[in-house]
Amino acid sequence: MSAVMITRKVRKWEKLPGKNTFCCDGRVMMARQKGVFYLTLFLIVGTCSLFFAFECPYLAVHLSPAIPVFAAVLFLFVMAMLLRTSFSDPGVLPRALPEEATFIEMEIEAANGNVPAGQRPPPRIRNVQINNQIVKLKYCYTCKIFRPPRASHCSICDNCVDRFDHHCPWVGNCVGKRNYRYFYLFTLSLSLLTIYIFTFDIVHVVMRSVDNGFLNTLKETPGTVLEVLVCFFTLWSVVGLTGFHTYLISLNQTTNEDIKGSWSGKNRIQNPYSHKNIIKNCCEVLCGPTYPSVLDRRGLMQEDSPVSTTCTAPPSSSSIAAPQTTKTTAPLIPNEHTPDDAKPSIAASAEKSPSPKEELPPTPKLPPLASPETDAETSIAKDKTH
Amino acid sequence: MPVFLLSSKFHNLQELRHSASLVTKVFIQRDYSEGTVCRFQTKFPSELDNRIERTLLEETVKTLNSYYAEAEKIGGQSYLEGCLACATAYIIFLCMETRYEKVLRKISGYIQEQNEKIYAPRGLLLTDPIERGMRVLEISLFEDRGSGGSSPSSSMSSGSSAR
């Protein structure tokens with residue numbers, strides 16, 4: 001029997017559906033459009049460089065050397081938080097594998113009973129009771145799962161994200177369960193940095209003007225003008241955003257829920273996730289456990305020989321699967337008993353398809369239901385600009 | 001009564017993987033009654049009625065739930081970890097394993113042990129929920145290829161692939 005031996009190890013991130021880009025062999029995960037993120041980087045690094053170049057020498061001598069030191073620490077913290085927010089997995093929920101999708105379909109059909117021909121089946125909704133409130137779980141037609149509470153589908157990244165807050169173009173990533181605290185700390189520390197630079201710019205200009213006159217000062221340190229402009233406009237937006245998110249955290253709400261008015265207004269459903277105590281809410285969001293990523297981007301795909309060979313596994317597949325055989329999930333070597341639609345999901349054939357989306361197996365055709373909800377709610381989330 | 005329960009075919013996980021054929025999969029869903037904490041339903045799926053005793057599966061699910069509760073507990077240790085990490089701008093996470101990750105390793109070992117001792121001899125296989133996005137606890141049902149040809153469960157498998 002001729003087995004096509006696949007020698008290149010394929011990591012799971014290469015086959016993930018969704019519109020993310022990955023760098024550093026799966027360690028970094030971002031959205032596709034990164035232009036605004038580069039702008040953010042440029043503004044922060046540029047303004048701080050000007051500060052260190054123009055203001056710091058003067059202030060270190062005339063006021064205190066602690067000023068540039070503290071600015072540097074703050075700048076490094078801001079960059080660390082920004083990169084952590086941008087590069088980490090926000091809490092993406094992997095799509096259902098074919099068997100799970102079929103199982104859910106069967107449950108839905110059983111629950112709906114017989115629908116007369118020509119009539120639309122009822123919307124796919126599951127009701128769960130959380131802390132004595134009825135919460136509706138919606139079905140995601142793209143990911144083929146019932147979304148957990150507080151999860152939402154981001155149409156920009158084409159993923160369901162757990163505890164979805166919003167998609168932030170400034171950081172080039174979604175903000176969700178796993179990176180919300182880094183996002184909040186980023187906005188908070190950026191507010192502090194902006195206020196700090198703005199204040200010391202003014203102090204510097206005042207101090208220098210006393211000696212040299214205002215116009216001469218501006219000529220000597222032209223960078224100051226730029227910094228003050230950038231800081232002035234940044235202040236309003238970033239400080240406002242920090243205040244808004246502080247408010248959300250104290251109520252244990254997400255931006256998505258706030259926009260949709262899930263817990264306010266005529267529904268009269270109270271937020272079932274809030275502890276009704278500001279300190280407890282803040283502690284849960286900011287000091288809660290650090291959730292691991294469920295995506296396993298850097299895991300190795302299980303390599304298998306073509307279907308025609310029977311269950312005597314060629315040594316290559318078991319050696320690649322070696323790190324994972326201790327886990328209980330090593331997928332079966334496909335044989336004639338494996339359901340056909342599970343075979344493609346048990347990783348690659350010899351040819352790699354260009355787009356990860358085409359790797360998805362031919363799932364059973366769903367009834368032609370429109371799913372406007374996924375686009376409606378995420379477009380509302382998109383509209384929320386800073 | 002399925003013949004394979006009496007046979008000694010399923011001794012260990014390796015044999016299960018190499019000689020058995022997958023019949024169907026059962027998915028135990030998440031229980032959201034206590035919020036977004038990770039918990040699985042203890043409701044017994046009907047497909048497993050004649051494969052495993054209820055109490056064994058319930059015990060497994062309850063133990064898993066307690067592990068997840070321990071990982072997600074918000075208390076002194078999680079605050080300490082959070083504040084310490086924040087003070088180091090979260091760089092410490094590059095070297096240190098978080099408490100959640102430690103518990104996940106324990107869970108993985110527990111599932112492995114349960115599979116070897118309880119589930120593999122009955123022709124079942126548990127999949128670690130982390131492999132399925134913590135959404136479901138997947139239980140694969142196997143049937144020995146050598147034992148009698150058509151059985152009720154093989155018709156279930158063709159139904160579940162739903163062409």
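Residues numbered from 1 in each chain as written. Chains lettered and ligands numbered in written order. Predicted model: local features only at pLDDT ≥ 70, side-chain atom pairs only at ≥ 80, totals over all residues. Heavy atoms only, no water.

Take the environment of Met 79 of chain A next. Residues and elements named next belong to chain A. Tracing the chain through its elements places Met 79 in helix H2 (residues 66-87). According to the relative accessible area criterion, Met 79 is buried, its value standing at 12%. The spatial distance from the C-alpha of Met 79 to the C-alpha of Val 45 is 8.7 Å, given a sequence separation of 34 residues. The residues contacting Met 79, other than those within four sequence positions of it, are Leu 41, Ile 44 and Val 45. (Helix = DSSP H or I, 4+ residues; strand = E, 2+ residues; numbered from the N terminus. Buried < 20%, exposed > 50% of the residue type's maximum accessible area, 1.4 Å probe, protein only. Contact = heavy atoms within 4.5 Å.)

All names here are of chain A. Bridge analysis of strand E1 (residues 20-23) against strand E2 (residues 28-31) gives 4 bridges, and the strand direction is antiparallel. In the sheet register, Thr 21 faces E2, and the bridge partner there is Met 30. Between the end of E1 and the start of E2, which pair antiparallel, lie 4 residues, with Cys 24 showing a positive phi angle near 50°. (Pairing = 2+ DSSP bridges.)

Bringing the UniProt feature "domain: Palmitoyltransferase DHHC" (unreviewed entry) in chain A into the picture now. Those residues carrying the UniProt feature "domain: Palmitoyltransferase DHHC" (unreviewed entry) are residues 136-260 of chain A in this numbering. Secondary structure over residues 136-260 of chain A splits into 60% helix and 15% strand, and the C-alpha atoms at its two ends are 14 Å apart. (UniProt positions renumbered as here; feature names shortened; annotations may be inferred.)

The residues that UniProt annotates with the feature "domain: Golgin subfamily A member 7/ERF4" (unreviewed entry) are residues 26-138 of chain B. Within the segment residues 26-138 of chain B, helix and strand shares are 45% and 10% respectively, and the terminal C-alpha atoms sit 6 Å apart.

Residues and elements named next belong to chain A. One non-glycine residue, Asp 25, adopts positive backbone phi at about 55°. Examined against the element boundaries, Asp 25 turns out to sit in the loop between E1 and E2. Its identity is not glycine, yet Asp 158 carries a phi of approximately 55°, on the positive side. Tracing the chain through its elements places Asp 158 in the loop between strand E7 (152-154) and strand E8 (159-161).

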